[in-house]
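# Chains, contacts and geometry: an overview
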Amino acid sequence: MFSPTCNRDTWIKRQDLMRKVRAFFEARGVLEVETPVLSNACGTDPQLDYFEIESPHRFMMTSPEFHMKRLLSAGFGDIFQITKSFRKDEFGAHHNNEFSMVEWYRVGMPQEQLMDEVEALVSEILGKPVNARRTRWIDAFRNYAGVNPLTATNGDFVAACRSKDIPLPAASTDMSREDWWDYLMVFAVEPALAKNGPEFILDYPQSQAALAQTYVGEDGHTWARRFELFVDQVELCNGYTELTDAKEQRRRFEADLEIRRSMNKPLPTIDENFLLALESGMPACSGVALGLDRLFMLALNKAEIKDVILFPSPIA
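A few points on the structure. (Residues numbered from 1 in each chain as written. Predicted model: local features only at pLDDT ≥ 70, side-chain atom pairs only at ≥ 80, totals over all residues. Heavy atoms only, no water.)

### So, the overall build of the chain
In terms of helices and strands, the chain carries 9 helices and 12 strands. Taken over C-alpha atoms, the radius of gyration comes to 20 Å for the chain, in line with the 20 Å a tight globule of 316 residues would show. Dimensions along the principal axes, computed over C-alpha positions, put the chain at roughly 50 × 45 × 40 Å. Here the chain, with 316 residues, has 50% of them falling under the buried criterion. (Helix = DSSP H or I, 4+ residues; strand = E, 2+ residues; numbered from the N terminus. Rg over C-alpha atoms; globule rule 2.2 N^0.38 Å. Buried < 20%, exposed > 50% of the residue type's maximum accessible area, 1.4 Å probe, protein only.)

Pasting the structure below:
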């Protein structure tokens with residue numbers, strides 16, 4: 001098949017939306033930057049798989065985050081980047097191995113204000129106010145899955161699936177608590193979000209945000225200052241109050257590598273230049289990455305992101 005999956009008229013509309021994205025940041029005085037897509041090191045997230053190049057050995061970036069934080073540490077101030085990112089084994093209606101994102105960082109901006117800015121950008125591109133509700137992660141599970149994810153037993157998770165006619169996973173008896181979190185997020189929480197309109201989910205468990213600051217809540221649990229925005233059952237963005245402690249970041253990277261080792265996954269090289277940047281003093285900031293293909297898919301009323309990409313992975 002030689003033809004693109006996105007027609008010319010749709011592509012022209014996509015380009016108009018891309019110009020709106022740039023104009024949004026330019027109007028706010030945010031500097032556009034450009035960082036490498038090939039790097040000597042890579043993120044350690046156990047849930048992300050990366051592409052490698054053999055000679056010279058390089059990693060294709062799953063996100064521009066580390067390079068952008070090096071720029072923050074070098075005094076670049078508020079920055080944004082529109083770039084391609086690459087993730088292995090990700091393809092579907094809302095996924096492609098190669099995808100476009102906009103990532104930006106705001107120095108000294110509290111996470112709540114960054115969420116306001118995300119809302120403003122999404123509203124601008126969708127052409128309508130988003131007005132997303134803001135719900136803590138634990139409350140989303142209580143409200144939409146019917147369980148307390150921190151105290152539920154394996155039997156409680158199974159009962160939650162049965163009460164909502166969700167098929168049980170084949171290995172349900174061997175699933176960890178975090179496996180259940182991922183499963184119920186996809187099959188119980190996200191479908192409910194689709195019915196209830198746009199919604200921010202925030203304050204995730206510490207284990208689900210290795211690059212975010214944490215705090216101890218009134219309930220005594222440690223929570224990560226992380227948020228995601230869901231619109232029409234589509235996860236659009238992932239943002240943090242950024243961790244600036246180099247020693248803690250190294251500890252989390254090493255913990256991630258241990259998890260990857262237990263999963264028999266490849267072990268990436270820790271980004272020492274990024275850790276040096278943190279040691280030098282990265283300013284307090286909030287940052288977020290937003291998937292542009294998904295956002296444009298929603299804006300143009302398309303069913304899948306292949307409808308707004310010229311050559312998705314299977315025909316690239």
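Still to come is the rest of the account.
### Regarding the sheet that holds strand β3 (residues 52-53)
Across the sheet, which stays open at both edges, the 3 strands sit in the order β2-β4-β3 with antiparallel pairing between neighbours. Both outer strands of the open sheet, β2 (38-39) and β3, are each paired with one neighbouring strand and no more. Of the pairings in the sheet, the one linking β2 to strand β4 (residues 58-60) comprises 2 bridges and is antiparallel in character. Across the sheet, the residue bridging to Leu38 is Met60, located in β4. (Pairing = 2+ DSSP bridges.)

### Things to note about the environment of Tyr240
With respect to the secondary-structure elements, Tyr240 resides in strand β11 (residues 234-241). A relative accessible area of 10% places Tyr240 in the buried class. Remark: the alpha-carbon pair of Tyr240 and Val288, spanning 48 residues in sequence, is separated by 6.4 Å. What Tyr240 contacts, discounting residues up to four positions off in sequence, is Glu65, Gln111, Ala209, Leu211, Ala212, Arg225, Arg226, Phe227, Cys285, Ser286 and Gly287. Among the polar contacts listed, one links the side chain of Tyr240 to the side chain of Asn238, at a separation of 3.4 Å. (Contact = heavy atoms within 4.5 Å. Polar contact = N/O pair within 3.5 Å; in protein donor to acceptor, adjacent residues only side chain to side chain.)

Functional significance is not addressed by these values, which are geometric in nature.
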